[in-house]
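# Remarks on the overall topology
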Amino acid sequence: MRLKSLFAIPFFLLIFVLINGSMISDLFAQNSFINKIGMKFILIPAGSFIMGSPDSEKGRQRHEKQHRVIITKSFYMSETEVTQGQWNRLVSPNPSSFKLGNYYPVDTVSWYDAIEFIRFLNKREGTRKYRLPTEAEWEYACRAGSQTAFATGEVTTFSCKEPEPALVDHAWYCFNSGGFSPAGDFKPHPVKLLKPNKWGLYDMHGNVQEWVQDACEWRTIWSVGAGTITRTYVDGITDPLETKGDHRVVRGGGWFQNSKYQRCAYRTNYKPVARRNSLGFRIVREQ
């Protein structure tokens, strides 16, 4: 009887693992890890969320239609924007307009520059798992379970002369990045100086805008104001990625912009060759 019960338990566990392999994998996955060039990554669990903004949200744009998105696989996201120190370890020269030190986000990078950094990183680590986040993964990670305009609350003001309560401790934007509080050197700031969101990610709002993987259509002379056009804003869509279009989607607001552009749902786009002193990126690593 004892022998039987001893062997029954491992067999039961084996069946459970075979049936629920992905669940077990996620359960025992590292919550975070640091790669060979010192980048820390946070595990973002698979799940679903409402992407986009409601009609009532202040600052909403018409191409932010709300829809449910399902993210079927957990992934790791870099806890900060790629810094100048991390860039310098793989790529030369440093393209940043603000060459202020290793802990500042790299800026003035094109989408192609970001892809080149990722290519070097994959080669360095002998993998193909590093990439830019999709637009949906980015917003999912930015929200960290929230459904408000910012991960920490709603919009109350678009003024650069007064603080946005839900944003001021979490984002470098026009109010606190040198514009007014205090007025001074208007620029990006070192990463990880402000508070992270609930999933441990820093500067998802503000500092530098972030390239993502998705392509998009660009407004034309016949469709002025159409905004960022993709086929992915469809209810119930699974792991969306837009591949059609000559432009690339950009997420997160910049250090010089007001709180309207820091909202979780805010989206814009540039040509993939564009380089601006507000443009940077962060990356993900597949499990």
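First, a word on scope: everything that follows refers to the structure included in this document. (Residues numbered from 1 in each chain as written. Predicted model: local features only at pLDDT ≥ 70, side-chain atom pairs only at ≥ 80, totals over all residues. Heavy atoms only, no water.)

### Looking at the pattern of salt bridges
Heads up, the condition is: The term salt bridge refers to a pairing of a side-chain nitrogen on Lys or Arg with a carboxyl oxygen on Asp or Glu at a separation within 4 Å. Secondary structure is summarised from DSSP: a helix means a run of H or I of at least four residues, a strand means a run of E of at least two, and numbering begins at the N terminus for each. Note on exposure labels: buried denotes an accessible area under 20% of the residue type's maximum, exposed denotes more than 50%, and partly exposed covers the range between, all computed with a 1.4 Å probe on protein chains only.
Under the counting rule described, the total for this entry stands at 14 salt bridges. Measuring nitrogen to oxygen at the nearest pair gives 2.8 Å for the salt bridge that ties E57 to R263. Of this pair, E57 sits in the loop between β3 (47–51) and β4 (67–71) while R263 sits in the loop between β9 (247–251) and β10 (267–270), and the two are 206 residues apart along the sequence. A relative accessible area of 9% means that E57 is categorised as buried.

### A word on the environment of P54
Note the following rule: Any two residues whose heavy atoms approach within 4.5 Å are treated as being in contact.
One can find P54 in the loop between β3 and β4. Separated by 94 residues in the primary sequence, P54 and T148 have C-alpha atoms spaced 9.4 Å apart. Once residues within four sequence positions are removed from consideration, P54 is found in contact with R60 and Q66.

### What about the sheet that holds β4?
Stated precisely, the cut-off is as follows: The criterion for strand pairing is that DSSP finds at least two bridges linking the strands in question. Every angle, taken between N-to-C directions, lies between 0 and 180 degrees, and every axis is a line fitted to C-alpha atoms, over only the stretch in contact when it is a helix.
Overall, mixed pairing links the three strands, which are arranged β3-β4-β8 in an open sheet. Of all strands in the sheet, those with a lone pairing partner are β3 and β8 (237–238), marking the two edges. With two bridges connecting them, β4 and β8 associate as parallel partners. Note on β8: the bridge partner recorded for V69 is I237. In the packing of helix α5 (residues 135–143) onto the sheet, the strands contacted are β3 and β4, and the crossing angle to β3 comes to about 90 degrees.

### Thoughts on the pairing of β10
What you see with β10 is no split at all: R267 and N269 on one side and T268 and Y270 on the other are buried throughout. Relative to β10, β9 runs antiparallel, the two being bridged by four bridges. Bridged to R248 within β10 is Y270.

### Things to note about the layout of surface pockets
Empty pockets left among the atoms are what a rolling probe the size of a water molecule brings to light. Counted only if it meets this: Buriedness for pockets is judged along seven lines, at least five of which must meet protein on both sides within 12 Å for an open set on the 1 Å grid over protein atoms alone, while cavities are sets there where a 1.4 Å probe fits but cannot get out, and lining residues have an atom within 4 Å of a point. Grid points are joined across faces, edges and corners, and a volume is the space filled by probe spheres set on the points. Three residue categories are used. Nonpolar comprises Ala, Val, Leu, Ile, Met, Phe, Trp, Tyr, Cys and Pro, charged comprises Asp, Glu, Lys and Arg, and polar comprises the others, including Gly.
There is about 270 Å³ of room inside the largest pocket. For the lining of the largest pocket, the per-class residue count stands at four nonpolar, five polar and five charged. Of the volumes computed, that of the second largest pocket is approximately 230 Å³. Lining the second largest pocket are 15 residues, and of these G38, T80, T83, Q86 and Y103 lie nearest its centre. For the lining of the second largest pocket, the element with the most residues is helix α3 (residues 84–90), which contributes three residues.

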